[in-house]
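What follows is the residue order along each chain.
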Amino acid sequence: MTGSCVKGRRFGWILAPGDGPVPVPFTAFTIMSKKKKSSIRPGVFSAAQIKNNALARFERACELMIGPGHFHKFSDLCRARLLAHRFPAVKLKFKPGIAPKRNSLKYYQEIFSSQLNSLTFTTIQEIEMPVSLYLREGLGLLIYTGAMKQESMPHIQVLEKLFGQYNTDEWLRKPVAEVVFLLHKMSILLTDWSSSVFVYSVAGLAALDSMANDNSAVAELIKPESCNVKFDGINREVVRLCWSETDGNIEYVKLSPISIGYRSYKPEQLFDVYIQGHALQRLEERLGLIPGVVHHAILEMLKRNELTWFRQGPSVLVRFSLWERKLGYLVCSLVEEKIVIRSFLFLTNDGTPEGKKLSELTQLERLDKKYLGIDSLSGFLGLKIQEDEGLVALFTEAGCADLLDLSEIQMYHLDEIRERDPEKLLSYMMGLGSKTEELVEG
């Protein structure tokens, strides 16, 4: 996994339509005399320009928060103090650890800055205000007006009252929640249990700590905890399922064995959940989605503990859905007081209830499914089965109706989709001879 792409494709989904490209720093040019060139280099602001730009941002923040016509009430001395104690711009910093490559690090920071600049929240004036403006200049105005009671300033009481409306947990929480949501999206984008977990903290934001020096969110890439578990006499490495909490700590998921059919245990007996490398590989091969999207969905499903399961010999099939679309089953086993996800079966694979029903209806064998490309998500995305009434009826009867509308999921698919004719699929499926042997999904 690289910072700028996965399998050659950019992470466009986090840049929602309308957000635009990553912004380029504004370049200031001065009017130059024909005889004398300016000493100001392109892209570098003079001290006066920096001051004026900062004051313009303070004025804009003031208008959005308490209405127009109030910034002139700040004296020259007050403005100078606002500038002297201005918070830095909100940025994303990385801790040492599994350090991203230099280009990747810059890319992550550009994603954060670009998305942050697009985030807004509604002020008391019922106006949309950029979160980045509030967490810098807006917060500076709020803190300054709350601390200047001793100053002999004509409008102090008016300003203190107006800005004081924001001095509540609710108004401090709203813009911070937007930053947390952005970092959460990035954790889904960048986490892959086979390599690292994107962990983040917002404790360094000035909105939560007015003494913070850099006003930054802090992130790091952490290698998931792993251990060896013996299956059939062979040691296999398994990875403990985890995700980032907002305070920079790691959240682990625990599950009671009774929730997946091991009835000899008590509900209060909770075991850590692990995943085998084989399962991660099968998830990638059979779904082909951004890993973090799938991994986060698994974690949330297990945390809710609302599981549908079927026994399959010594193992259990736990139904896996993504955005209420049933996609397949996690093959789970209980070993050494750990719940281990050992493999993943796509919905139509042999070994699933739906795969068995589909074979009964069409006499499809495992190799037929592979040949037709209906043993993976990419195969379904290319077929447009929903356009053929016969196929819709067939897959609906087999319990695969959720595969007929994958529009919400397709944008997270990593590989190029090859379109095929669904009519030929139907002809092939309905023209098969009798089954000759029983094949078991690996």
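Figured I'd write up the structure that's included with this text. All values derive from a computational prediction rather than experimental measurement.

Calculation rules
Residues numbered from 1 in each chain as written. Predicted model: local features only at pLDDT ≥ 70, side-chain atom pairs only at ≥ 80, totals over all residues. Heavy atoms only, no water. Salt bridge = Lys/Arg side-chain N within 4 Å of Asp/Glu carboxyl O. Helix = DSSP H or I, 4+ residues; strand = E, 2+ residues; numbered from the N terminus. Polar contact = N/O pair within 3.5 Å; in protein donor to acceptor, adjacent residues only side chain to side chain. Contact = heavy atoms within 4.5 Å. Pairing = 2+ DSSP bridges. Axes fitted to C-alpha atoms, helices over the stretch in contact; angles between N-to-C directions. Core = buried A, V, L, I, M, F, W, Y, C linked by side-chain atoms within 4.5 Å. Buried < 20%, exposed > 50% of the residue type's maximum accessible area, 1.4 Å probe, protein only.

**Brief notes about the pattern of salt bridges**
Here is step 1 of the chain: Within the structure shown, the criterion is met by 15 salt bridges.
Here is step 2 of the chain: With a closest N to O distance of 2.7 Å, R86 and E137 form a salt bridge. Here E137 lies in helix α4 (residues 131-147) and R86 lies in the loop between α2 (76-84) and β1 (91-94), a separation of 51 residues in the sequence.

**Describing the side chain of S259**
Here is step 1 of the chain: Along the chain, the position of S259 falls in the loop between β10 (254-255) and β11 (271-276).
Here is step 2 of the chain: Engagement of the side chain of S259 in a polar contact is seen with the side chain of N305, the distance being 3.3 Å.
Here is step 3 of the chain: Excluding its chain neighbours within four sequence positions, the residues that come into contact with S259 are N305, L307 and W309.

**Structural notes on the sheet that holds strand β4 (residues 197-201)**
Here is step 1 of the chain: Strands sit in the order β1-β5-β4 across an open sheet of three strands; the sheet is mixed. Every interior strand has two partners, whereas the edge strands, β1 and β4, have only one. For this sheet, the mean inter-axis angle between neighbouring strands, taken without regard to orientation, is 30°.
Here is step 2 of the chain: The strands that helix α6 (residues 169-190) touches are β1, β4 and β5 (216-222); relative to β4, the one it contacts most, it runs at about 165°.

**Brief notes about the nonpolar core**
Here is step 1 of the chain: W193, L241, L287, I298, F320 and L330 are the most contacted members of the largest nonpolar core, which has 62 residues in total.
Here is step 2 of the chain: In terms of residue count, helix α8 (residues 291-304) provides more of this core than any other element does, seven residues in total.
Here is step 3 of the chain: If we skip the residues at most four places from it in the chain, F320 touches L287, V294, A297, I298, M301, R325, K326, L327, G328, Y329, L330 and F344.
Here is step 4 of the chain: One finds F58, V90, Y107 and L182 within the second-largest nonpolar core, a separate group that totals 54 residues.

That's the geometry; what it means functionally is another story.
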